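# Architecture and fold: a report
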Amino acid sequence: MIIFEECWPLGAKLDLTAEFTNTVNSLIRAAQSVKMKDATGLGTLAYALSTGDNSVLSGSPEDRHIKIVSEAIKRPKDFWDWVTTNCLQESQRTLVDVAQKAHRRGGWPWDRAFMQAAAYLAVTEDVPTVSTAKQKLNDFPFWVALDKHTPQGKQALRQAAKRIDVSSNQLFWVSFYIESALTNEATNSFWWSKEVHWRLHQVGLDFNQALFIWHKAQPVVSEILKADAECLREHIEPPAPVQLSLFDPAHFVSEKEKLIFSEETLKAQPHPLQETKNSLEYVQLKLFE
């Protein structure tokens, strides 16, 4: 999910085996790359439309893409058949194949929509080359990791919302888009920008208002989370610098740790969501042309 959300073209390089080192290598590769969040934006808007939220449509020609991916969410089998037959290059086939396998594993519906959006972008716009991001040596702000996805973050945002007199729902989304989703380097993304502006509009804000709110809230939230952030830093920072190699598994995992991700453990996990079996006639409906 993280790969397709943060840099969808890297899906073509994603190794879906259960090896712990493969997972770590994929995450490091994503962290080091310039982010491409088009699949996230398009997938989010398409998922909202699939639930009946027509506010994602603006009457522009781009609505067609949202509608297609929205229909793909409802009819995954037909969609995967369509994108597979429309792969003209090896890079497209590779990404579509990985995206389909990832989609079959299940997950939250909006996360699976990112994978379908990535496959759609691959066959309609090709798979772009991913560049390495410029390194930044700034100290990591650990309090940022304690965002609306954590109990500490939720509590801090609610407290801060009361102090600056805004709704907690507004501050949750403002903090996510202005701070939590911030990356070291990213390409210009029409679909990501469209998602951000749509979501903020849903909570009664425009982008400038969101920036103003976060300017007031940021010092309050960081102060509330100061102790928790320090605890997190002490917990995960190594006592001495460690050089991590993308290609040397020895840096990441011991033989004992490998047992945690054994085949037996994975077999005991709940079965992923089953794909919808209803199939409609493409020749008549032409929904994916």
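Scroll up to find the structure this text is about.
So, how was this worked out
- Throughout this description, residue numbers start from 1 for each chain and increase along the sequence as written.
- Where totals are concerned, whole chains, interfaces and linings use all residues; where local detail is concerned, this predicted model gives features only for residues with pLDDT of at least 70, and gives and counts side-chain atom pairs only at 80 or more.
- Working from all heavy atoms in the structure, the side-chain values ignore hydrogens and water.
- Helix and strand assignments come from DSSP, with helices taken as H or I runs of at least 4 residues and strands as E runs of at least 2, each series counted from the N terminus.
- The cut-offs for exposure are 20% and 50% of the maximum accessible area for each residue type, with area from a 1.4 Å probe on protein chains only; residues under the lower value are buried, those over the upper are exposed, and the others partly exposed.
- Contacts are assigned to residue pairs that have any heavy atoms within 4.5 Å of one another.
- In short, Shrake-Rupley with a 1.4 Å probe defines the accessible areas, and a residue's cover is counted only from the protein chains shown.
- Throughout this description, the term salt bridge denotes a Lys or Arg side-chain nitrogen within 4 Å of a carboxyl oxygen of Asp or Glu.
- What counts as a ring pair is set by centres within 6.5 Å for rings of Phe, Tyr and Trp (its six-membered ring), and what kind of pair is set by the plane angle: stacked under 30 degrees, edge-to-face over 60, tilted for all other angles.
- Counted as over-ring charges are cases with an Arg CZ or a Lys NZ within 6 Å of the ring centre that also lie within 35 degrees of the ring normal.

## Here's the deal with the overall build of the chain
For the chain, the count of helices and strands is 16 helices and zero strands. With 289 residues in all, the chain has 42% of them scored as buried. Expressed as a percentage of contacts within the chain between residues at least 6 apart in sequence, the contacts between residues at least 24 apart total 76%. By element, 54% of the accessible surface of the chain is carried by carbon and sulfur atoms, the whole surface being about 16,800 Å².

## Points about the pattern of salt bridges
Using the criterion set out here, one finds eight salt bridges in the structure. Residues arginine 75 and aspartate 78 are paired through a salt bridge, measuring 2.9 Å at the closest nitrogen-oxygen approach. Comparing arginine 75 with aspartate 78 shows no difference in burial state: the two are buried. Residues aspartate 97 and lysine 101 are paired through a salt bridge, measuring 3.2 Å at the closest nitrogen-oxygen approach. Of this pair, aspartate 97 and lysine 101 both sit in helix α6 (residues 90-104), four residues apart, which is roughly one turn of the helix. Residues participating in the shared-partner salt-bridge network are Glu71, Arg75 and Asp78.

## Details of the packing of aromatic side chains
For any pair of aromatic rings, the description consists of the separation of the ring centres together with the inter-plane angle of the planes. Applying the stated rule across the entire model yields twelve aromatic pairs. Pairing phenylalanine 140 with phenylalanine 142 gives two aromatic rings, centres 5.2 Å apart and planes at 85 degrees, and the pair type is edge-to-face. For phenylalanine 142, a relative accessible area of 12% translates into the label buried. Grouping aromatic residues by their ring pairs yields a cluster made of Phe79, Trp80, Trp82 and Tyr120. Against the face of tryptophan 173 rests arginine 199, its NZ or CZ located 4.3 Å from the ring centre.

The analysis is restricted to geometry; functional conclusions fall outside its scope.
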